[in-house]
Amino acid sequence: MNCTPRKNKFWHLFGPFLLYWGIEWAAAVIAALVMLALSMPEMMQSVAWKDAMTNEEIASAAMQMQTAMLETAAHYQVQMLAAAALCTIPVMAMLFQKDRKLEQVLHVPVNKKAPLQKYVWTVILGIMVCIGGNVLIVMTNLAFVSEGYKNVSSVFYTPSFPVQMICLGIIIPISEELIFRGILFKRCRELMGFLPAAAGISFLFGFTHGNLVQLFYAVGLGMLLAYAYEKYGSLKAAVLLHITANITSLILTETGVLTWMCSAFIRLAVSVVACAFFGAAAFVMIQRIDEKPEGVEDPKKIGMY
């Protein structure tokens, strides 16, 4: 374990998450208020206001206004989430860089960075995990019994495809990787081995998604993201894997390929087997990467395993 001196371990571990959540919440509220203010003229026109109105008419108009506001907020929810994520990125990047500089000052052994050409395995693994995960969700009927997942899906796929790609495919994964792997997982690794650190942060990552289906998917993905960070010695590997998985999901949904695969059992079975084979092959190639810090004979001495 890379034990660096900390005055308060609780705040060291959970302080960044509380800061991340606070910034995200405040930014989302501000984005919602701005969006509602910009949409107010259009919403006002959709409500039948009169100069002289009875109490019943006022109540009806107020209900119409409330409905219009909720529909507008739902329509732009992805953009608001992305705006909130953008606000967290500079702060989390600053904390991440601060941690890396402290490692250098204290001469903490760090994993070697993998060669650039080996990043292709994270792309392949991201694609296979996305396809296999979505197919398994359909095969187990989780997608059809979870109301929370259906609501989230309907909201996420409301914006145009380019907006989905930018917000859900790029901005949000970068924000999530900075906090969950770049800061929280890395700080947990100072105090414990890989498995407890990766599992703990992956469950936290899963719970933040707010529904059972995404919980299972995010926990599994989170473990792979932590492993990629560990083996490649760079957060770029986890970011690339996360972005690849999200973009693959968006493309499969937009093109209808996912629906086509799930419309026949034989296609589902072939998809699962193919994803398992190519995903396992990519994982083995990642597993072969030598991440041991320079000059360290036994990785167990610094808690690498």
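Parameters at a glance
Chains are numbered independently. Their residues run from 1 in the order of the written sequence. Only residues with pLDDT of at least 70 are given local features in this predicted model, and only at 80 or more are side-chain atom pairs given and counted; all residues enter the totals for whole chains, interfaces and linings. Excluded from the side-chain calculation are hydrogens and water; included are all heavy atoms of the structure. Note on conventions: DSSP H or I runs of at least 4 residues are helices, E runs of at least 2 residues are strands, and numbering of each starts at the N terminus. Note on classification: 1.4 Å probe, protein chains only; a residue is buried when its accessible area is under 20% of the maximum for its type, exposed when over 50%, partly exposed between these limits. Should any heavy atoms of two residues lie within 4.5 Å, those residues are considered in contact. Nonpolar cores are built from buried Ala, Val, Leu, Ile, Met, Phe, Trp, Tyr and Cys residues. Side-chain atoms within 4.5 Å join them into one set. Criterion for a disulfide: a pair of cysteine sulfur atoms at a distance within 2.5 Å. Here the axes come from fitting lines to C-alpha atoms, over the contacting stretch only for helices, and the angles between their N-to-C directions go from 0 to 180 degrees. Here is the rule for angles: anything less than 35 degrees is roughly parallel, anything more than 145 is roughly antiparallel, 65 through 115 is roughly perpendicular, and the remaining ranges are oblique. Should the near helix be turned counterclockwise from the far one by less than a right angle, the crossing is left-handed, whereas a clockwise turn marks it as right-handed. Polar here means any residue other than Ala, Val, Leu, Ile, Met, Phe, Trp, Tyr, Cys and Pro, which are nonpolar, and Asp, Glu, Lys and Arg, which are charged; Gly is therefore polar.

### Examining the overall build of the protein chain
When you go through the protein chain residue by residue, the secondary structure sums to twelve helices and zero strands. Start at the N end of the protein chain and walk to the C end: the helices and strands fall as α-α-α-α-α-α-α-α-α-α-α-α. The buried share among the 305 residues of the protein chain stands at 45%. For the protein chain, the proportion of contacts with a sequence separation of at least 24, taken over those separated by at least 6, is 80%.

### Comments concerning the nonpolar core
Among the nonpolar cores identified, the biggest contains 50 residues, and Met92, Leu125, Phe180, Phe185, Tyr232 and Leu235 are the most heavily contacted of them. Listing elements by their share of this core, those giving two or more residues are helix 1 (9-46), helix 3 (77-105), helix 4 (120-139), helix 7 (161-189), helix 8 (194-207), helix 9 (212-232), helix 10 (235-255) and helix 12 (265-287). The dominant element in this core, judged by the number of residues it contributes, is helix 7, at eleven residues. Leaving out residues up to four positions away in the same chain, methionine 92 has contacts with Pro16, Leu19, Tyr20, Leu178, Ile179 and Ile183.

### A few points about the state of the cysteines
Under the counting rule described, the total for this entry stands at zero disulfides. Among the cysteines around cysteine 130, which has no disulfide bond, cysteine 275 carries the closest sulfur, lying 8.7 Å off. By relative accessible area, which is 0% here, cysteine 130 ends up buried.

### A closer look at the packing of helix 4 against helix 10
Two elements in contact, helix 4 and helix 10, have axes whose closest approach is 8 Å; the angle formed by their N-to-C orientations is 45°. It follows from the interaxial angle that helix 4 and helix 10 lie oblique. Seen from above, helix 4 lies across helix 10 with right-handed handedness. Taking contact as the criterion, the partners of Thr122, Val123, Leu125, Gly126, Ile127, Cys130, Ile131 and Asn134 in helix 4 are, on helix 10, Ala237, Leu240, Leu241, Thr244, Ala245, Thr248, Ser249 and Leu252. Grouping the constituent residues of the contact of helix 4 with helix 10 by class yields ten nonpolar, six polar and no charged.

All quantities given are derived from atomic positions and should not be read as evidence of function.
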